[in-house]
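As a plain string of letters, each chain reads:
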Amino acid sequence: MRPSRRAPDELRPVTLERGVVKYAEGSCLVKFGDTHVLVTATLEDRLPPWLKGQGRGWVTAEYGMLPRATSERTRREAVAGKQSGRTVEIQRLIGRSLRTIVDLEALGERQITVDCDVLQADGGTRTASITGAWVALADCINWMKARNMIKAKVLRDNVAAISCGIYNGTPVLDLDYAEDSEAQTDANFVMTGDGRIIEVQGTAEREPFTQDEFLALMALAQKGIARLVDLQKLAVA
């Protein structure tokens, strides 16, 4: 039995609330159960120096956790003077996940920066961030379309992400912290709306997992991401 009493293939309650930040070109408050992330998308008329003059844009991401997103206060990284390796790894994951489904040439010589701020963490903050980031990005692009800033199709597909793991010997979907902290294996899957794989992160915490177990996790992820993509489409419809 899972601590949350969910079925092995059951997501936590997921909500995607758009337009929650007045000044941002796109925004989304995404909730995976008790994991809550505020995502904003900001359009900027600037590019990294190495991209200037190439006729294409860029999508990048930043990620952070508020001090009391967890059960104990976490010191702000700005006070420490540098980002943790975990933070850098997650924001790079978010950025490259979004870029795989964006036509950067159609975007033009502009940059969209997606900020993911974890308000409350209960496992799966990176997967919730990616899922909500697509909604904020879609709203930003629609904002541009409404102002005739772009003509061609910029978003080529959806992108969403979900965690899976082996808990008490059973493959399960969408781990909360209670499961993630005790799982024998945990993995994160990032996939497109049409089921293609962008990234897989899988780790054996106690003992190696088998190919059959990996395929079981993959099947759970495919089912979960298909549901998340449906929710994304409903959110931006």
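None of the values given here were measured: they were computed from a predicted structure.

**Observations concerning the overall build of the chain**
Turning to step 1, where the next piece is worked out: Broken down by element type, the chain carries six helices and nine strands.
Turning to step 2, where the next piece is worked out: For 237 residues, the compact-globule estimate of 2.2 N^0.38 gives 18 Å, and the chain sits close to it at 18 Å.
Turning to step 3, where the next piece is worked out: Structurally, the chain occupies a C-alpha span of about 55 × 40 × 30 Å along its principal axes.
Turning to step 4, where the next piece is worked out: The buried share among the 237 residues of the chain stands at 49%.
Turning to step 5, where the next piece is worked out: In the chain, the proportion of contacts linking residues at least 24 apart, taken out of those at least 6 apart, comes to 71%.

**Notes on the packing of helix α4 (residues 125–146) against helix α6 (residues 211–236)**
Turning to step 1, where the next piece is worked out: Put simply, α4 and α6 touch, their axes get as near as 10 Å, and they point 30° apart. Here α6 runs roughly parallel to α4, going by the angle between their axes. As α4 runs across α6, the sense of the crossing is right-handed. Of α6, the residues touching α4 (which contributes Thr-131, Trp-134, Val-135, Ala-138 and Asp-139) are Leu-228, Gln-232 and Val-236.
Turning to step 2, where the next piece is worked out: Broken down by class, the residue content of the contact of α4 with α6 amounts to five nonpolar, two polar and one charged.

**Brief notes about the sheet that holds strand β8 (residues 185–192)**
Paired through backbone hydrogen bonds, the strands of a sheet run either parallel or antiparallel to each other.
Turning to step 1, where the next piece is worked out: Across the sheet, four strands lie side by side as β7-β6-β8-β9; this open sheet has antiparallel pairing. Taken across any chain shown, the strands that pair with only one partner, and hence form the sheet edges, are β7 (170–173) and β9 (197–204). Pairwise comparison of adjacent strand axes, ignoring direction, gives a mean angle of 15° for this sheet.
Turning to step 2, where the next piece is worked out: Alignment of strand β6 (residues 159–167) against β8, held across eight bridges, turns out to be antiparallel. Within β8, the residue paired with Val-159 across the bridge is Thr-192.

About the cut-offs
Residues numbered from 1 in each chain as written. Predicted model: local features only at pLDDT ≥ 70, side-chain atom pairs only at ≥ 80, totals over all residues. Heavy atoms only, no water. Helix = DSSP H or I, 4+ residues; strand = E, 2+ residues; numbered from the N terminus. Rg over C-alpha atoms; globule rule 2.2 N^0.38 Å. Buried < 20%, exposed > 50% of the residue type's maximum accessible area, 1.4 Å probe, protein only. Contact = heavy atoms within 4.5 Å. Axes fitted to C-alpha atoms, helices over the stretch in contact; angles between N-to-C directions. Parallel < 35°, antiparallel > 145°, perpendicular 65-115°, else oblique. Left-handed = near helix turned anticlockwise from the far one by under 90°. Nonpolar A, V, L, I, M, F, W, Y, C, P; charged D, E, K, R; others polar. Pairing = 2+ DSSP bridges.

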